[in-house]
Amino acid sequence: MNMEYPLPHRPAATPIRLLEVLEPSGGGSGRHFIDLCRGMHLRGHHVEAVYSPVRAEESFVRELKAVGLPALHAIDMQRAPGPSDVPAFLALRRIMKEHGPFDIVHGHSSKAGALTRLRLPGRHIPRIYTPHAFRTLDPTLGRGGRLIYGAIEWGLAWFYTDHLICVSDDERSHAVSLHMPQERMSVIVNGVDPPSPDMARTIRASFGITPDAFVFGFIGRLTAQKAPERLVAAFRHVAGSVKNSHLVMVGAGEMEGRLRQAMAESGLQNRMHLTSAFTGPQAAPAFDVLVMPSRYEAMSYVMLEGAAAGKPIIASDIGGARTVIEHGGNGFIVKNSDDVSELSKTMIAAAAPETFARLASAADRLKTRFTLDTMLDRTEMLYWKLAERRRVSTMV
């Protein structure tokens, strides 16, 4: 059930003053953040951005600075709760006071979402929160962790949040399961521009992959959440059945050393390739099938990039998978498990000529569903609704 917010048309002459805040500063949430800041800036709104340099990727900072916002602020925000949250909270308050007034404050990810929503008494500024995957979606968190983080999210949602944006129906269902207020909740799916195919041949050639080879691809951070080790293990079974196949993995992270060792030990190091030299949009057109073995997601940009490139997708049963993938149509959804037998069998089936032709045809037909402009339009209308409500209330 897609719950886009029905909102009035925004008069072009009325810009909104926005403060966008993000802690992770990279990955899919970073991509969304930059797209949103740039999009609202180009639409004539006053946008100021706050990011944390603690976990910031250099490419993220470089691209955010290139947007040309009227103000960009760096505040040290740590992922884990701790004493550092106090100076970060006070720094955010100073920005709101010295650079405001703002019509909307929008927090992205759990830490920035908490720091922007917690507030002292005073003039109310509407707060919007986009989790980009609730912490409670992590299946490795444990019962105690889910109870603690779930209680925190519940309290913030009920008492400090004007609106919650979920990026998939699955994420919304999870929020409802945590008893968050549905009347202040919308689903706005992430959007992407179609990737350019210009780099596809270059990427294949860089690994000595011939044009007729069948390429399974992975894009993402090399972390436990993305479960890249599942794909390496699965490909060891696939390689014997799909003779002219390769695995190309694009990403970086703390699991890189472990993955390179597993590739070397497999004896397939000439058919498994790992690099961080390319971006997701550059890499996706080079694949025949995109594989996403993640343990949890809300709505992955990688999945959207693969879909926009017209590529069949095999994904574990994660958030957003059923929004993007029509099982048996433009891809397959497999059990979310560390047992890779189903994943490897599905990869082998997808590479069969007749099956692949059918998957590729469906993927090409469905590639225009999730555009960046649609995401910007729906978010802008929500901003306008809350900003107008605030303006009316201050006049009463």
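Data block above holds the structure.
Residues numbered from 1 in each chain as written. Predicted model: local features only at pLDDT ≥ 70, side-chain atom pairs only at ≥ 80, totals over all residues. Heavy atoms only, no water.

K.L.:
How do you make sense of empty space enclosed by the protein when you look at a structure like this?
P.N.:
Rolled over the atoms, a probe with the dimensions of a water molecule shows which regions are left empty. Going through the model one piece at a time under the given rule, you end up with five cavities of 30 Å³ or more. What the largest cavity holds in volume is close to 60 Å³. Taken together, the residues that form the lining of the largest cavity break down as six nonpolar, two polar and three charged. (1 Å grid on protein atoms, 1.4 Å probe; cavity = no way out; pocket = protein on both sides within 12 Å on 5 of 7 lines; lining within 4 Å. Points joined across faces, edges and corners; volume = space filled by probe spheres on them. Nonpolar A, V, L, I, M, F, W, Y, C, P; charged D, E, K, R; others polar.)

K.L.:
I would appreciate a short explanation of the layout of surface pockets in the present structure.
P.N.:
Of the voids in this model, the second largest pocket is the one considered here, and its volume is about 360 Å³. Lining the second largest pocket are 14 residues, with Arg93, Met96, Gly122, Arg123 and Ile125 positioned closest to its centre. If you tally residues by element for the lining of the second largest pocket, the top one is helix α3 (residues 85-99), at four residues. For the lining of the second largest pocket, the residue count by class is five nonpolar, two polar and seven charged. (Helix = DSSP H or I, 4+ residues; strand = E, 2+ residues; numbered from the N terminus.)

K.L.:
Even after reading the chapter, I still don't get the packing of aromatic side chains, so can you show me in this structure?
P.N.:
The description of an aromatic ring pair uses the distance of the two centres, along with the angle that the planes make with each other. For the structure shown, the criterion picks out six aromatic pairs. A centroid spacing of 5.9 Å and a plane angle of 80° characterise the contact between Trp154 and Phe159, whose relative ring orientation is edge-to-face. Taking the centre distance of 6.5 Å and the plane angle of 70° together, the rings of Phe216 and Phe235 count as edge-to-face. Highlighted residues: Phe216 in strand β8 (residues 214-219) and Phe235 in helix α8 (residues 228-241), separated in sequence by 19 residues. Judged by relative accessible area, which is 0%, Phe216 ranks as buried. In this arrangement the basic side chain of Arg17 is found over the ring face of Phe102, its NZ or CZ atom lying 5.5 Å from the centre. Taking the ring centre of Tyr129 as reference, the NZ or CZ of Arg117 above it sits at 3.7 Å. (Phe/Tyr/Trp six-rings, centres within 6.5 Å; stacked < 30°, edge-to-face > 60°. Buried < 20%, exposed > 50% of the residue type's maximum accessible area, 1.4 Å probe, protein only. Lys NZ or Arg CZ within 6 Å of the ring centre and 35° of its normal.)

K.L.:
Sorry if this is basic, but what is going on with the pairing of strand β12 (residues 313-316) here?
P.N.:
Along any regular strand, the residues point their side chains to alternate faces of the sheet. A two-sided burial pattern is seen for β12, the buried positions comprising Ile313 and Ala315 on one face and Ile314 and Ser316 on the other. Sheet topology note: the β12/strand β13 (residues 331-334) ladder contains four bridges and is parallel. Residue Ile314 lies in a different strand from β13, and its bridge partner there is Phe332. (Pairing = 2+ DSSP bridges.)

K.L.:
I keep staring at helix α4 (residues 110-117) and nothing clicks. Help me out?
P.N.:
A turn of α-helix holds 3.6 residues, and therefore any two residues three or four places apart point the same way. Counting buried positions along α4 yields seven of eight residues, so the element is predominantly enclosed. Contacts made by the buried residues of α4 are with β1 (17-22), α3, β4 (104-108), β5 (127-130) and α5 (143-159). (Contact = heavy atoms within 4.5 Å.)

K.L.:
Would you take a moment to explain unusual backbone geometry for this structure?
P.N.:
Working note: non-glycine residues mostly have negative phi, and peptide bonds are mostly trans. For the bond from Gly100 to Pro101, the omega torsion is 5°, close enough to zero to count as cis. Within the secondary structure, Pro101 sits in the loop between α3 and β4. Not every positive phi belongs to a glycine, and Ala133 is a case in point at roughly 95°. Secondary-structure assignment places Ala133 in the loop between β5 and α5. Judged by relative accessible area, which is 17%, Ala133 ranks as buried.

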